[in-house]
Amino acid sequence: METWEEYREELEKYREELENDNFEVEQDVIELEEKIEMEIYESFDEDDAKPFKKLLKELKVLKEEFDFYDEQAERDMMNPNGDDEDFD
């Protein structure tokens, strides 16, 4: 299993790529986010999850900084009641 240090290195590599206008790594960033979220989900306790949660926050800041498209957020903004069963 990969460690949070390896994920941190991966995140820093993607940050450098994005700073150099290489936006082809966007999907890689999203996949890294999914891996980190899985590590948090599979953590034995809060102490195990803590470094991954911190890293996830950093990743989300990176996504905001480089204006990543968030499909779910876009849907929620356009249709705030879209998940309601009674919504027409």
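Scroll up for the structure.
Since the structure is predicted, the reported quantities are computational estimates derived from the model, not experimental observations. (Residues numbered from 1 in each chain as written. Predicted model: local features only at pLDDT ≥ 70, side-chain atom pairs only at ≥ 80, totals over all residues. Heavy atoms only, no water.)

1. Describing the pattern of salt bridges
- As enumerated under the stated definition, the model contains seven salt bridges in all.
- Between Glu 58 and Arg 8 there is a salt bridge whose closest N-O contact spans 2.9 Å. Of this pair, Glu 58 sits in helix α3 (residues 46–65) while Arg 8 is found in helix α1 (residues 4–19), placing the two residues 50 residues apart along the sequence.
- For Arg 8, a relative accessible area of 25% gives the class partly exposed.
- With a closest N to O distance of 2.6 Å, Glu 33 and Lys 63 form a salt bridge. Pair noted here: Glu 33 is in helix α2 (residues 26–42) and Lys 63 is in helix α3, with a separation of 30 residues, a long-range link. In this pair, the class of Glu 33 matches that of Lys 63, namely buried.
- Where salt bridges share partners, they join Glu 12, Arg 15 and Glu 65 into one cluster. (Salt bridge = Lys/Arg side-chain N within 4 Å of Asp/Glu carboxyl O. Helix = DSSP H or I, 4+ residues; strand = E, 2+ residues; numbered from the N terminus. Buried < 20%, exposed > 50% of the residue type's maximum accessible area, 1.4 Å probe, protein only.)

2. So, unusual backbone geometry
- Not every positive phi belongs to a glycine, and Asp 21 is a case in point at roughly 65°.
- Of note, Asp 21 is situated in the loop between α1 and α2.
- Its identity as a non-glycine residue notwithstanding, Asp 67 has a phi of 55°, on the positive side.
- Note that Asp 67 resides in the loop between α3 and α4 (71–78).

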